[in-house]
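Analysis of the macromolecular model
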Protein chains: 2
Amino acid sequence: MRLRLLTTASKQLRLGNRQRHRLLATSASGQHQQEHQEYQPGGSRALYAAAAVGGIGAGYWLFHELDKKRRQPVELAQPQKATSSPVALDAEEAARLWHKTKRTDLPTYSVEDVLKHDKPETGIWVTYGIGVYDVTEFAPNHPGGDKIMMAAGNAIDPFWAIYQQHNTLDVLELLESFRIGNLNKLEAIENDELGSPWAQEPKRHELLKPASKRPFNAEPPISMLGEHFYTPNELFYVRNHLPVPCISAEDYELELEVEAGAGKSSKCTFNLDDIKKLPKHTVTAAIMCGGNRRSEMTRIKPVKGLSWGAGAVGNAKWSGARLCDVLRAQGVEPDEHLQVIFEGADLDPTAHPYGASIPLSKALDPRGDVVLAYEMNGQPLTRDHGYPIRVIVPGTVGARNVKWLTRIVVADHESDSHWQQNDYKGFSPSTDWDTVDFGKAQAIQAMPVTSAICSPMPEERVKVDKGHITVYGYAWSGGGRRIERVDLTNDGGKTWHVAKLEQEKEPDGRHYGWSLWSIRLPVTDEQQKQSELEIWAKAVDSAYNVQPESFENIWNLRGVLANAYHKVKVKLI
Amino acid sequence: MRLRLLTTASKQLRLGNRQRHRLLATSASGQHQQEHQEYQPGGSRALYAAAAVGGIGAGYWLFHELDKKRRQPVELAQPQKATSSPVALDAEEAARLWHKTKRTDLPTYSVEDVLKHDKPETGIWVTYGIGVYDVTEFAPNHPGGDKIMMAAGNAIDPFWAIYQQHNTLDVLELLESFRIGNLNKLEAIENDELGSPWAQEPKRHELLKPASKRPFNAEPPISMLGEHFYTPNELFYVRNHLPVPCISAEDYELELEVEAGAGKSSKCTFNLDDIKKLPKHTVTAAIMCGGNRRSEMTRIKPVKGLSWGAGAVGNAKWSGARLCDVLRAQGVEPDEHLQVIFEGADLDPTAHPYGASIPLSKALDPRGDVVLAYEMNGQPLTRDHGYPIRVIVPGTVGARNVKWLTRIVVADHESDSHWQQNDYKGFSPSTDWDTVDFGKAQAIQAMPVTSAICSPMPEERVKVDKGHITVYGYAWSGGGRRIERVDLTNDGGKTWHVAKLEQEKEPDGRHYGWSLWSIRLPVTDEQQKQSELEIWAKAVDSAYNVQPESFENIWNLRGVLANAYHKVKVKLI
C-alpha cells in the first residue's frame, strides 16, 4: 500500500483507498461525447477526486474546457454521507454559494491585484469563484502543507476540483472567514484573428502550467502527477512544436510509403476506419519530453530550451494498431539499415511538417510495441495529444512519438527534419554553440534512467511523523527497461533507503510504463533540529544503469537528458 | 588513426601500423593443433608483436603453454630488415643467447630474492631467461615509461615476447649491462594428486594475472587489453567458478529440454558435429565479468569477491550456431514468462553444475545474437573459455555466458543455481550482509555502461608531448547499446574532451562489441607545474545513459556493477 501525503482538512475526511474517481471527459475532436470513465490504477490511488465526499450532490467537474459555454456542472446520483442531516446539507449547500456571490461589504480587486500577493512577504491571496481571500496567516497551518502555495496569487478552483476534501462546510466556513474582497474577473479572451495558425488551439486544463503558450507547452503540478499511476489525460503534459492542426475523423488519411528495402515502392493510404479495423493492441507507456527537468540543468549554466520542471512526462495506456502489423502487411522485412520516418499534420511557417524517425528494427519488433494509437487511457485522443492518430514509440523520447500522424515512410535514411537532425541530441558539457556539430551526435531514441521526487516540493514545509517523512515520486527508463530500485537519502548519501515500487508486471525489455515509488523516510533527531533537509532520489534500471549524481558533468547546451539525481530541499516542522 | 603509447627503445624502432602479428595457438583441448592465425583488428593495431622486427629470424612464441615440453621456437620465413649486415646478425644472434647463459662471474639468486626487489625503495630487479638484472636506475628512463613496473620483481619474458621491439642488439646490450646475477629457477611444479579436481587445469599465459588460482581467475594487464580491438584469445580474462572439465570432441553431448511453453516436453541431444552443421553465425561481443573493476569499489568499503582490476573484460568474434535457430527447430515460440537455463559441465563438490539463465525473449530474438559458440576469434575455444561449446549471450554479464555447455532447458523459472539466485545481483549501498535479501533483487542480465583508462596506468609517469598526453582505453555498454561518446577530463570536470572512438558499424541494439577510444588530452602549463594529474573517463551509451561519478553511491556488498568514472592519477614528466 503506497503512502500518500493527503491534503486534508481533517483526518476523518481522508478518502478511502477504494474510492475511485469518475472523470468527465469531452472528446477533443469537437464531437463532444461526454463519457464516464473509471480509472483503476495499480495501487491505492486515492486522491484524484472521489465520486462523493462530504455527502452532498454538488456540482463538480474536471474536464477539458473545449468550449466554456458547453461546460455544465454534473449532478452526482446520490449523497453518500450517511450521517448527513438535512440541516447540515442545507448549510453546506448555502456555503457552496458564498464564493459565487459578491460581498457588497468588501472591495473589488483585479486579477493583477491578486497576482501580486503570492508570497508571505506581500501577503498570500487566493481566489475561489469571485471571492478574494487573504490566507497569509492560515498558510503555515494548511493541513496539506505548502501545497497551498501552488495557488498563491491565483485561483484555488482547479485544485479544489481535484482535492474534493475541501468541499465541506467546515472548510468553506474557514475560507469565507479569510475573505477580503470580490474579484473583478475580466477574462482576457485570447482570440486570435481568423486565419491565424493559432486561431483553433484547443482549450487546456487550468492546472497545466505553460512553459510556452504558442506553441502550447505545459506540464501539470508534479505533486499531482505522482498521485496517478495512469496520468489523467487532461493532466498529461503537452509538448507541441507547432500550432495544433484541425483534423476531422472523416477527412483523416494516413499515407504509408515503402521507399527502401523489401516492399519497396509500395504506397498505400489508410483512413481512420481502416486503422481501427486492424487488431487493437494496448500498451502502457510513459512518454517523456527530451527536455524534462531542464529547469534543474539550466541552474548550472543556461541552456536553450523551454524551462520544463519534472512534469514533462506522463504514463498512459495507448491503444491502436500495431505498426509492425501494418508494415509486415506491406511486405516490409527486417533490415538493420532502414528507418521509419513519421510526419505530422502540424506545419511550420514554410509548410514543412513536424517529422521524426526511428530505426525499422524498433518498428518491426513485436516487443517494440509501436502503435498507431487512437486511444489514450481508453478515450479517443484529444487534439493536443494527436487526434486522431499519434504514433506511440514506447521507451523512446517523446519527440519521436509524432502526433497528428499523416505519413509514414520506410527509408534508408533518418528524417531530415530539424527535430531529428538539429535538436534532441546530447553533447559533452564542454560543447558550446560555437563548437557544436549536430551531425556528430546520435538523435535521442531510448531515454536514460531517471526519477523525480513529486512530493514534497522544493522549500515545502514537511511534517515529521514519528520520526519519518513521506516522500513519493516517479521513475522511468527508456528502451523498455524496468525500474529495479529507487534509493533515497537525506544525508548526502551516507545512508540510502529503498523505496516501495508500484509498477506493472510487464517483462523487462518491454516494460514501457513508469514506476511510482513511495517511502517513509526516517529523519534523525539531529536533522529535525536543523530543520532543513535535502532529499535525493536515484533510480536504477534493469540494466543496473543509475542516474548520474549531478548536472555539472551531464550539462549540454540544449538541456536535454537532464537525468541527474533529483534533489529537493525541504523544511521540517 | 588511433594514437598509442608505444613501448619503444628508440623512435625508429616503432612498428609500422600495418604490421600484423602471427599468433601461434594450441588448441586447449589437448589436441595440440598448431595453427597460424592472422589478426586483423579494426583500426591501427600495432603492438601485439610483429611478424618480423629487427631483421632476424629469431625464435619467438606466444602461445598457451599447454605442455612445456612441446613448446618449440618457430622460425620465421625470412629476415626482413634490408639493412642488416651478416655481422650485425651474428652479433644479435650472440646477444640473444646471453640471457640463456649462466654468468659464472655473478652470484645466483632465487625467485624469492628477485620478488623482494619490486619498487625503487628496495631496488628494481627483473629476470629474463636465467639473467637477473638491476634496472633501478634505468627504470625512470625506460622509453615505455612506467610499463616496466609491470615486471618489477618478476620476469620480463612474457612482455618482451609481445613487445618485440626489445629484441635488438642495442636493447640486449643495455639489458646485459644491468646484469647482477643468475636465476636459480627451481620451478615449483604445482602437480595436484591424480584424482584431484584441479589435476587437469590447462596451462595459462604468463601475462594473465591471477585474482585466484583455484578456481582460476585472471586478467591481462589492461594497457595491453586496450591495444587490441579483438582481444587475443590467450590474453582474454578467465573467470572460472569451478575446476575446468575435460571434454573430448567425441564424447561431447548437449541436451536440450523444453519443459514449458510451446514445444513442451520435447527433449533432444546434439553432438558437436550436429551443432557445427547448423548455419554458422559470427557475432562480435565483449564479455565482461560482473565484478570487473571491483578493486576500485572495494577501496570505498570492503566487498566480498575477487579483486578484479579493469581487465575482467575482453572483446572477441564468436562463431557458432544461433540458439534461436535451435530453439525454433524444437517448436519453441515466444513467451514472455519463460526462461532458458544453461548448465555447464563444471561441477561443484556436491556434483551440481554451474548454471545460469536468461529470458527466452533474448534467446529467441534474432537480434539477440545468442550463439552456441565453438570458435573464438576464428580458433576453436580453448578449455579455459568453454571448449567445446560456450553459450555467448551478447550484451549480458559474463556469468550467463555458460562455458562447457551441456544442457539447455526452456523452463517457466530461472536457473536455481547459486550464481543466478544468490550472486550477481545489485543492491543499495546501505544493504549489508545482515539485511541483504537476494530474493528481492533481479539477477544481472544486461550490464550498465562503463569505460576504463587502459593507459596511462595509475601512478605512471607520463611524458607531456607538445602540451598533450596520450590516453586510451575501452568503453562498453550492455544490451547491445552502442557507445555514443567517451568524455575525458583532467581538471575535475571543468573541461571535458571527447575521445576518438574505434568501433564496429553494428546498429544500435545489436552493437555487442566494445569500443576502444583514444585521445591526445591537453595539459595546461599550470598542470605541468603541479606534476600530478588525475584523469577521469566517462562513457555515454546510445540510450544516453552515463557512468555514475563515484563509487560511494553505487557501492554494493558483492562489489558488482562497478561502473563509476574511471579515475587515474599520473605523474607528468
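A short tour of the structure in this document, coming up. (Residues numbered from 1 in each chain as written. Chains lettered and ligands numbered in written order. Predicted model: local features only at pLDDT ≥ 70, side-chain atom pairs only at ≥ 80, totals over all residues. Heavy atoms only, no water.)

1. Focus: the overall build of chain A
Test applied: A run of DSSP states H or I qualifies as a helix once it reaches four residues; a run of E qualifies as a strand once it reaches two. Both are numbered from the N-terminal end. When accessible area is computed with a 1.4 Å probe and restricted to protein chains, residues below 20% of their type maximum are described as buried, those above 50% as exposed, and intermediate ones as partly exposed. Between two residues, a contact is recorded if the distance between any of their heavy atoms is within 4.5 Å. Computed by Shrake-Rupley with a 1.4 Å probe, the accessible areas treat only the displayed protein chains as cover when residues are assessed.
In terms of regular secondary structure, chain A is built from eleven helices and 30 strands. Taking all 573 residues of chain A together, the buried fraction comes to 61%. Put simply, 73% of the contacts in chain A that link residues at least 6 apart link residues at least 24 apart. Split by element, the accessible area of chain A, about 23,100 Å² in all, is 51% carbon and sulfur.

2. Digging into the interface of chain A and chain B
Threshold: Computed with a 1.4 Å rolling probe, the buried area is the accessible surface lost when two parts are put together, summed over both parts. When a carboxyl oxygen of Asp or Glu is within 4 Å of a side-chain nitrogen of Lys or Arg, the pair counts as a salt bridge. Ten residues, namely Ala, Val, Leu, Ile, Met, Phe, Trp, Tyr, Cys and Pro, are considered nonpolar, four, namely Asp, Glu, Lys and Arg, are considered charged, and the remaining ones, Gly among them, are considered polar.
Facing the 45 residues of chain A at the interface are 45 residues of chain B. Counting the surface lost from both chain A and chain B, the interface buries some 3,300 Å², and carbon and sulfur atoms represent 42% of this. Three residues stand out in chain A for area buried against chain B, namely A:Q442, A:Y544 and A:N553, and they jointly supply 21% of the buried area on that side. At the boundary of chain A and chain B, one finds four salt bridges. Linking B:R510 and A:E336 is a salt bridge whose minimum nitrogen-to-oxygen distance equals 2.6 Å. Those elements that place two or more of their residues in the side of chain A that touches chain B are β25 (483–489) and β29 (532–541) of chain A. For the side of chain A that touches chain B, the per-class residue count stands at 19 nonpolar, eleven polar and 15 charged.

3. Some remarks on the pairing of strand β14 (residues 280–288) of chain A
The two faces of a sheet get side chains in turn, since along a regular strand they alternate between them. Residues and elements named next belong to chain A. Basically, it comes down to this: We call two strands paired when DSSP finds no fewer than two bridges between them.
The element β14 is largely enclosed, with a buried count of seven among its nine residues. In terms of strand pairing, β14 meets strand β15 (residues 313–322) through nine bridges, oriented antiparallel. Its bridge partner lying in β15, H281 is registered against G320.

4. Describing the relation of the copies chain A and chain B
Let me state the cut-off plainly: Copies overlap after least-squares fitting; the atoms used are the C-alpha atoms of residues with pLDDT of at least 70 in both.
Mapping chain A onto chain B calls for a rotation angle of 180° and an axial translation of 0.0 Å; the resulting RMSD is 0.1 Å. In the structure described here, the two chain copies are related by an operation that fits a two-fold rotation axis. Within chain A, the C-alpha atom positioned nearest to the axis of rotation is that of A:P548, 2.3 Å from it. When the interface residues of chain A are mapped onto chain B, 100% of them again lie at the interface, so the same face is used by both copies.

5. Brief notes about empty space enclosed by the protein
For the record, the criterion: Buried and open spaces are told apart on a 1 Å grid over the protein atoms alone, a cavity being a set of points where a 1.4 Å probe fits but cannot get out and a pocket being an open set with protein on both sides within 12 Å along at least five of seven lines. Residues with an atom within 4 Å of a point are the lining residues. Grid points are joined across faces, edges and corners, and a volume is the space filled by probe spheres set on the points.
The full count for this structure, using the stated rule, is 16 cavities of 30 Å³ or more. The space that makes up the largest cavity amounts to roughly 180 Å³. Looking at the largest cavity, it is lined by 19 residues, and the ones nearest its centre are B:R239, B:H241, B:R390, B:G398 and B:K403. Residue composition of the lining of the largest cavity, grouped by class: nine nonpolar, six polar and four charged. In this structure, the second largest cavity spans a volume of roughly 160 Å³. The wall of the second largest cavity is formed by 16 residues, among which A:R239, A:H241, A:R390, A:G398 and A:K403 lie closest to the centre.

6. Details of the sheet that holds strand β24 (residues 468–476) of chain B
All names here are of chain B. The condition that has to hold: Each axis is a line fitted through C-alpha atoms, and for a helix only the stretch in contact is used; angles between axes span 0 to 180 degrees, taken between their N-to-C directions.
Spatial strand order, β22-β24-β28-β27: four strands in an open sheet with antiparallel pairing. Here the strands that pair on one side only, and so sit at the sheet edges, are β22 (450–455) and β27 (500–502). Averaged over all pairs of adjacent strands, the angle between their axes in this sheet comes to 30°, without regard to strand direction. Bridge count between β22 and β24: five bridges; the pairing is antiparallel. Each bridged residue has a counterpart across the sheet, and for S451 the counterpart in β24 is A475.

7. Brief notes about helix α4 (residues 169–177) of chain B
Residue and element names in this part refer to chain B. Put simply, the test is: What the arc covers is the set of directions going from the helix axis to the C-beta atoms.
For α4, every residue scored as buried is listed here: L169, V171, L172, L175 and E176. Within α4, the buried residues cover an arc of 165° as seen down the axis, which keeps them to one side. Exposed positions of α4 whose direction lies more than 90 degrees from the buried face are D170 and S177.

8. Focus on the pattern of salt bridges
Residues and elements named next belong to chain B. Scanning the entire structure with this criterion turns up 48 salt bridges over all chains. With its nearest N and O atoms 3.2 Å apart, the salt bridge here joins R179 to E176. What makes R179 buried here is its relative accessible area of 6%. Note that R293 and E296 form a salt bridge whose closest N and O atoms lie 2.8 Å from each other.

9. Re the nonpolar core
For the record, the criterion: Joining through side-chain atoms within 4.5 Å is the link that ties buried Ala, Val, Leu, Ile, Met, Phe, Trp, Tyr and Cys residues into a set, and such a set is a nonpolar core.
Ranked by size, the top nonpolar core spans 94 residues in total, and within it A:W318, A:L327, A:V340, A:F342, A:L372, A:L405 and A:Y474 carry the most contacts. Residues within four places of A:L327 in sequence aside, it is in contact with A:L256, A:V332, A:V340, A:L360, A:A363, A:L364 and A:V410.

10. Let's talk about the environment of A:F236
All names here are of chain A. Relative to the helices and strands, F236 is located in the loop between α5 (222–225) and β11 (238–239). Along the sequence, F236 and A321 sit 85 residues apart, while their C-alpha atoms lie 22 Å from each other. Excluding anything up to four places from it in sequence, F236 contacts L208, T231, I287, G314, N315, A316, W318, M376 and H385.

11. Focus: the pairing of strand β6 (residues 131–134) of chain A
Residues and elements named next belong to chain A. As paired elements, strand β5 (residues 123–128) and β6 share four bridges and run antiparallel to each other. Considered in β6, the bridge of Y128 is made with G131. Relative to strand β8 (residues 179–184), β6 runs antiparallel, the two being bridged by three bridges. What sits directly across from Y133, in β8, is R179.

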